[in-house]
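Geometric and topological summary
Single-letter residue listing:
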Amino acid sequence: RGTMGRTRLEVYFGVPTEHLERAKLKDGRTIHAVERTLTLRGGPEDQAFRKNDVGGYEAPEGRPDRTLVEQASLDVPAGNYRLNVEVLDRASGKWGIYSQDIQIPEIPDSLAISDLNLAWSVSASPTDPRFRKHIDGLDPKMDVWVIPLPSRSYAKGRPFNIYYEVYGLTRDAFGQTLYQVTYTVDQQIRKGTGVFGAIGTMFRRAVSDREPLVSIGYDATGATVDEPVYLEIDTKELKPGYNRVTVVVRDQVSGQVAQRDAIMRLVDR
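Counting restarts for each chain: residues are numbered from 1 in the order of the written sequence. Where local features are concerned, this predicted model is filtered to residues with pLDDT of at least 70; where side-chain atom pairs are given and counted, the filter is 80 or more; whole-chain, interface and lining totals use all residues. Side-chain numbers here rest on the full set of heavy atoms in the structure, without hydrogens or water.

**Remarks on the packing of aromatic side chains**
One pair of aromatic rings is described through two measures. These are the centre distance and the angle between the planes. We apply this condition: Stacked, tilted and edge-to-face are the three classes assigned to paired rings of Phe, Tyr and Trp, where Trp is represented by its six-membered ring and a pair needs centres within 6.5 Å; plane angles under 30 degrees give stacked, over 60 edge-to-face, the rest tilted. Numbering of helices and strands runs from the N terminus, with a helix taken as a DSSP run of H or I at least four residues long and a strand as a DSSP run of E at least two residues long. When accessible area is computed with a 1.4 Å probe and restricted to protein chains, residues below 20% of their type maximum are described as buried, those above 50% as exposed, and intermediate ones as partly exposed. Counting as a charge over the ring demands two things of the Lys NZ or Arg CZ atom: a distance within 6 Å of the ring centre and an angle within 35 degrees of the ring normal.
Counted by the stated rule, this structure contains five aromatic pairs. Ring plane angle 20° and centroid distance 6.5 Å describe the contact between Tyr 163 and Tyr 230, whose orientation is recorded as stacked. Placement of Tyr 163 in strand β13 (residues 160-167) and of Tyr 230 in strand β16 (residues 227-233) is noted, with a sequence separation of 67 residues between them. Residue classification places Tyr 163 among the buried positions, given a relative accessible area of 4%. One aromatic cluster is present, formed by Tyr 164, Tyr 183 and Tyr 218 through successive ring pairs. Stacked on the ring of Trp 120, the Lys or Arg Arg 158 has its end atom at 3.7 Å from the ring centre.

**Quick word on the nonpolar core**
Put simply, the rule reads: Here the nonpolar core consists of buried residues drawn from Ala, Val, Leu, Ile, Met, Phe, Trp, Tyr and Cys, with membership extended through side-chain atoms lying within 4.5 Å. It only takes one pair of heavy atoms within 4.5 Å for two residues to be counted as in contact.
Of all hydrophobic cores here, the largest spans 27 residues; its most connected members are Phe 160, Ile 162, Tyr 164 and Val 249. When contributions to this core are tallied by element, the ones reaching two or more residues are β13, β14 (177-189), β15 (214-222), β16, β17 (241-251) and β18 (257-267). The contact partners of Phe 160, leaving out residues within four places of it in the chain, are Tyr 154, Val 185, Leu 231, Glu 232, Ile 233, Thr 235, Val 245 and Met 264. Core analysis: the second largest hydrophobic core is formed by 20 residues, Val 11, Phe 13, Tyr 57 and Tyr 81 among them.

By themselves, these figures tell us nothing about what the structure is for.
Structure representation (structure tokens):
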């Protein structure tokens, strides 16, 4: 949920440093200087929204290649848009662009769940301010920093983290909220080839009558109608392959139910 009735679009992407050149600073340090531009065009009034910033990452000589985890966000009205994400290597002048048609939904006033953020880590320790999560009306001391994992690929045996936000819970006569959360991880595709997006399309079409491989749930109470929720899930009992993660929230006061799905990949190494 964004500000002023808008929806916040967060875009996560990775930039491999093997494709970047190093820039030398006056103090002798070497860095990767990456300029990021996020553009949305369309919406109910055919508008254009743009966000541009530059990040500098230390890159000492001899450091192994890695992937820079990036995040860019914009608050926009709900609607259909054309998304462009452009990355410029300021040292070499090389650039890359990714484009996609995207539908941004409106977050209703009733019970709703944000998209599931499959994260590398969730921590109460401050990191890059871009990764800070804060819901209006909550104590800033409850803020967390969520570092996304754009590939959604996890090594088997390493837990994976989920972060999402619940909106529109109903208070009971005592001013408390009461809700139930259920998580299921269902493996439907064990092997696949091609780009991740193509596999994702296949996944949505797949039908399986097998029981979920993992199912856990709990009841929770609170004092606010909007809640940030995060959880770490063990992967030791899961087989390598593509898995669908489903979160279901049941408001025990109003009886409303909301659900979100995401796809993650588990690899042997």
